[in-house]
Amino acid sequence: KLFREGSYEALKFNVKDAKVKNVLFRLGFDVSEKSESQNNHEDQPDKKQIARVVPFRMHDVHDAWNDAALSFEFALKTGIFMTNGPLSKEESSTFRSWLELLTKSLPIQMGKTHDLVTMLLEHFEEASQSQSDLSRLIRPYTAPDKSQTWRTCTNGDNKMGYTCGLWQLFHIMTIGVVEYNRHNNPIIPTRQVSEILRNYVEHFFQCEVCRLNFLDMYDNCAFDGCHRLSDKPSSNEHDWRELPMWLWETHNDVNTRLLGERMNQNNEPKPSQWESQQARWPSLYICPNCWREDKSWEEDEIFNHLHSMYWSGNPSYIKIPSEENEPNKSHRSIWKLGGFLLSVLSFVAWFVRLSKAHHHSGRHKKVDH
């Protein structure tokens, strides 16, 4: 079997077909002669181009949940109170709406974050008074700062994890809204969600440049957001999917822009078409079915990929206690195994005795009439 990187879906494959072109074709690569000639002459990346694009780190849904939770906690510690004193009426309303949205849109596997959000809503008046009050409330629910380690997008620098984890939280939330609307009433309108997100970024996103760029894109209806997102409830799942797809397009535009800004700061040539494509996530390598030959995307494939990366689709990790940590459980397991084997032996002995008794009775013999 073959596995695409980043996928747990196996592709059946015969050994007799194990030729280079066949393998690449089954993995989703275009290996036609036309493709080969084009790759040799058109937009073929060289080593310098490859080095200029920071590759996306492979991660699964558990990494995304971990980083989203860490960034949520970090924001509570450093990003809610930008000034002394209680939150303003507008800030307080935005903060409460954000917490209420998360209660509906986070997966149940993020139980620790759910508990934290529930506690904050129960003590909201106190939490919105000052940073010291908020810090005191969240302390039992959060880990010390030094123990926090983000798993994705850090490129070796843990300080880069916060912003990336915040984007993870946004993506999880938008997929979660689709899941919530599938199973609950009343339906959450997509425009209502995007407005809550927009207001949260305005009041609580620390990165000034990031904040201004996001607000400019949103308020100017980038990616047709004003029409794709509706303030009216819809029973059509396609309408709900517009929310995570809109955020995905917005995030990829940010990635492409940041690549250009970084190269401009380093006095390097502008990004090539290949580099701009590689700056978008998921890459062709990770999800070959997500992209068409003209560099446009397959909407259903993209949504399915987002769903698998931020909600489900990867194996759940099962923690098996070691004998050192669970000595009593290991001893109980040995006794259970011994009891099971004893039961099997008893059954075999009973069956043998029954067979002998049946043999001596003669009831197995043929009777002539």
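Read on for a plain summary of the structure. (Residues numbered from 1 in each chain as written. Predicted model: local features only at pLDDT ≥ 70, side-chain atom pairs only at ≥ 80, totals over all residues. Heavy atoms only, no water.)

### Thoughts on the packing of helix α4 (residues 61-78) against helix α6 (residues 111-122)
No. 1: It is at 10 Å that the axes of α4 and α6 come closest, and there the two elements cross at 30°. Here α4 is positioned roughly parallel relative to α6, judged by the angle of their axes. In terms of crossing hand, the pair formed by α4 and α6 is left-handed. From α4, Ala69, Phe72, Glu73 and Leu76 reach across to α6, where they touch Lys112, Thr113, Leu116, Val117 and Leu120. (Axes fitted to C-alpha atoms, helices over the stretch in contact; angles between N-to-C directions. Helix = DSSP H or I, 4+ residues; strand = E, 2+ residues; numbered from the N terminus. Parallel < 35°, antiparallel > 145°, perpendicular 65-115°, else oblique. Left-handed = near helix turned anticlockwise from the far one by under 90°. Contact = heavy atoms within 4.5 Å.)

### Topic: the pattern of salt bridges
No. 1: This structure, assessed with the given rule, holds 16 salt bridges.
No. 2: Taking the shortest distance from any N to any O, the salt bridge between Arg96 and Glu125 comes out at 3.8 Å. Placement of the pair is Arg96 in helix α5 (residues 89-105) and Glu125 in helix α7 (residues 124-127), with a sequence separation of 29 residues.
No. 3: According to the relative accessible area criterion, Arg96 is partly exposed, its value standing at 30%.
No. 4: Accessibility expressed as a relative area gives 54% for Glu125, which makes it exposed.
No. 5: Each of Glu179, Arg182, Glu237, Arg241 and Asp300 takes part in a single network of salt bridges with overlapping partners. (Salt bridge = Lys/Arg side-chain N within 4 Å of Asp/Glu carboxyl O. Buried < 20%, exposed > 50% of the residue type's maximum accessible area, 1.4 Å probe, protein only.)

### Section: unusual backbone geometry
No. 1: Here the amide bond leading from Asn185 into Pro186 is cis, since omega sits at 0°, within 30 degrees of zero.
No. 2: Turning to its location among the elements, Pro186 is positioned in the loop between α9 (161-183) and α10 (190-204).
No. 3: Residue Pro282 follows Trp281 across a cis peptide bond; omega there is 0°.
No. 4: Among the structural elements, Pro282 can be located in the loop between α14 (273-278) and α15 (299-310).
No. 5: In this model, Cys221 sits at a positive phi of 60°, which is unusual for a non-glycine residue.
No. 6: Mapped onto the elements, Cys221 comes out in the loop between α11 (208-219) and α12 (225-228).
No. 7: With a phi angle near 60°, Phe223 is a residue other than glycine that sits in the positive phi range.
No. 8: By the element assignment, Phe223 lies in the loop between α11 and α12.
No. 9: Since its relative accessible area comes to 29%, Phe223 is described here as partly exposed.

### Let's talk about α4
No. 1: In this model, α4 (18 residues) spans 26 Å end to end at C-alpha, consistent with the 26 Å of a helix rising 1.5 Å per residue.
No. 2: Summarising burial for α4: 15 of the 18 residues are buried, a large majority.
No. 3: Capping the start of α4, Asp60 holds a side-chain oxygen 3.0 Å from the backbone nitrogen of His62, two or three residues further along. (Expected span 1.5 Å × (residues − 1). Polar contact = N/O pair within 3.5 Å; in protein donor to acceptor, adjacent residues only side chain to side chain.)

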